[in-house]
Amino acid sequence: MERLKSYIRDIPDFPVKGIVFKDITPLLRDPEAIRLACDALAAPFRDRGVTAVCGMEARGFIFGSVLAYLLGVGFVPLRKPGKLPHETESISYQLEYGIATLEIHRDALGPKDRVLMVDDVLATGGTMAASCRLVEKLGAHVVACAFVVELAFLNGRSRLHHEVVSLIQY
Ligand code: AMP
C-alpha cells in the first residue's frame, strides 16, 4: 500500500489557504494503481454479506461504483441537495465553516440491507458520520466505512461508530 502513496499528490492551500488537499487523480489515471486500490478495498468485504455500496458525491462515486461491481452488489449515491429526482431523505451536518446537506432516495435502502460506505478521503469524519446516520434513517445496517486515504492526525475515525478500513494513512 505504501507504493500507492506515490500516486497521491499534495496540493497546498486548496480549496482554501491552510488545507493540504490530497489529490487522488494520479492514482485514478494509473491502470495498476486504480486496480490495486479497488481490489484492496473490496477484499475485506467479500464474505461479509454486503447488499449495497454507498458513495458520497463526488469522489465517493468513483471508488464506490467499482467496489459495488467487484462485490457483485448495487450502488447507492448520496448526493448534494436538489440532484436526486425521486422522494428523498436528507441530513444536514456542521462543516468547519457552515452547514452541508446530503440526500438519498428513500426507496434505495431498507432494513434488509447491509451497506458498505465508501469515500476517497477520511478527514474530520463529519461527512461519513452524517452519511451513516442517513443510511440508518432508512433502517439499513452499516457494515463498515472504507477510504482510500485516512488523515489519521485528524482522528476522524473516533467519530465513526463502525468498522473503519483505509489503505493509506498520513
Ligand atoms: P470530512 O472532514 O471527513 O467530513 O471530509 C469532508 C470531505 O472532504 C470528504 O468527502 C473528503 O473526501 C474531503 N476532504 C476533506 N479533507 C480533504 C483533504 N485534505 N484532501 C482531499 N479531500 C478532502
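Refer to the structure printed above.
In this report, the structure presented in the accompanying data block is examined. These numbers come from a predicted model, not from an experiment.

Each value, and the rule that gives it
Residues numbered from 1 in each chain as written. Predicted model: local features only at pLDDT ≥ 70, side-chain atom pairs only at ≥ 80, totals over all residues. Heavy atoms only, no water. Phe/Tyr/Trp six-rings, centres within 6.5 Å; stacked < 30°, edge-to-face > 60°. Helix = DSSP H or I, 4+ residues; strand = E, 2+ residues; numbered from the N terminus. Buried < 20%, exposed > 50% of the residue type's maximum accessible area, 1.4 Å probe, protein only. Lys NZ or Arg CZ within 6 Å of the ring centre and 35° of its normal. Expected span 1.5 Å × (residues − 1). Contact = heavy atoms within 4.5 Å. Polar contact = N/O pair within 3.5 Å; in protein donor to acceptor, adjacent residues only side chain to side chain. Salt bridge = Lys/Arg side-chain N within 4 Å of Asp/Glu carboxyl O. Core = buried A, V, L, I, M, F, W, Y, C linked by side-chain atoms within 4.5 Å. Axes fitted to C-alpha atoms, helices over the stretch in contact; angles between N-to-C directions. Parallel < 35°, antiparallel > 145°, perpendicular 65-115°, else oblique. Left-handed = near helix turned anticlockwise from the far one by under 90°. Nonpolar A, V, L, I, M, F, W, Y, C, P; charged D, E, K, R; others polar. Near = heavy atom within 4 Å. Areas by Shrake-Rupley, 256 points an atom, 1.4 Å probe, with all protein chains shown as cover. 1 Å grid on protein atoms, 1.4 Å probe; cavity = no way out; pocket = protein on both sides within 12 Å on 5 of 7 lines; lining within 4 Å. Sits in = over half its atoms within 2 Å of the grid points.

Some words on the packing of aromatic side chains
Here the structure, examined in full by the defined rule, presents 2 aromatic pairs. Taking the centre distance of 5.9 Å and the plane angle of 80 degrees together, the rings of Phe61 and Phe75 count as edge-to-face. Taken together, the residues Phe61 in helix H4 (residues 59-71) and Phe75 in strand S4 (residues 74-78) connect sequence positions 14 residues apart. We classify Phe75 as partly exposed; its relative accessible area is 25%. Looking at Lys5, its charged tip hangs above the ring of Tyr170, at a distance of 4.7 Å from the centre. The positively charged end of Lys22 is found above the aromatic ring belonging to Tyr170, 3.7 Å away from the centroid.

Overview of helix H3 (residues 31-42)
Across its 12 residues, H3 extends 17 Å between first and last C-alpha, which sits within 8% of the 16 Å expected from 1.5 Å per residue. For H3, the secondary structure elements touched by its buried residues are helix H1 (2-5), helix H2 (25-29), H4, strand S8 (141-150) and strand S9 (163-169). Where H3 begins, the capping side chain belongs to Asp30, and its oxygen is found 3.1 Å from the backbone nitrogen of Glu32.

Side note on the pattern of salt bridges
Two side chains that carry opposite charge are able to pair once their charged atoms sit near each other. For the structure shown, the criterion picks out 11 salt bridges. Put simply, Arg9 and Asp23 hold a salt bridge, and the shortest N to O gap is 2.7 Å. Of this pair, Arg9 sits in strand S1 (residues 9-12) while Asp23 is found in strand S2 (residues 20-23), placing the two residues 14 residues apart along the sequence. A salt bridge links Lys17 to Asp13, with the nearest nitrogen and oxygen atoms 3.8 Å apart. Residue Asp13 is classed as partly exposed on the basis of its relative accessible area of 40%.

Quick word on the nonpolar core
With 28 residues, the main nonpolar core has Leu27, Phe45, Leu67 and Leu116 as its most contacted residues. Within the residue set of this core, elements represented by two or more residues are H3, H4, strand S7 (114-122), S8 and S9. What Leu27 contacts, discounting residues up to four positions off in sequence, is Leu4, Tyr7, Ile8, Ala33, Ile34, Ala37, Phe63 and Val148. Membership of the second largest hydrophobic core comes to 27 residues, among which are Leu122, Leu138, Ala140 and Cys145.

Things to note about the side chain of Ser166
Mapped onto the elements, Ser166 comes out in strand S9. A distance of 2.7 Å separates polar atoms of two side chains, one belonging to Ser166 and the other to Glu150. Polar side-chain contacts of Ser166 include one of 2.8 Å to the side chain of Gln169. When sequence neighbours within four positions are dropped, the list of residues in contact with Ser166 reads Phe147, Val148, Glu150 and Arg157.

So, the packing of H3 against H4
How two helices sit against one another is set out by the angle between their axes and by the gap between those axes. Relative orientation of the contacting elements H3 and H4 amounts to 60 degrees, with a least axis distance of 9 Å. With respect to H4, the element H3 is oriented oblique. In terms of crossing hand, the pair formed by H3 and H4 is right-handed. The residues of H4 that touch H3, namely those facing Cys38, Asp39, Leu41 and Ala42, are Phe63, Val66, Leu67, Leu70 and Leu71. In the contact of H3 with H4, the residues fall into 8 nonpolar, no polar and 1 charged.

Some points on the site of the ligand
Close to the ligand lie 13 residues, the nearest being Asp119, Asp120, Thr124, Gly125 and Thr127. Asp120 has a polar side-chain atom sitting 2.6 Å from an oxygen atom of the ligand. Protein contact buries 80% of the 490 Å² of open area that the ligand shows by itself. Taking a 2 Å distance to the grid points as the criterion, the majority of the atoms of the ligand fall inside the largest pocket. The residue makeup of the shell around the ligand, split by class, is 5 nonpolar, 4 polar and 4 charged.

Bear in mind that shape data such as this cannot, by itself, settle questions of function.
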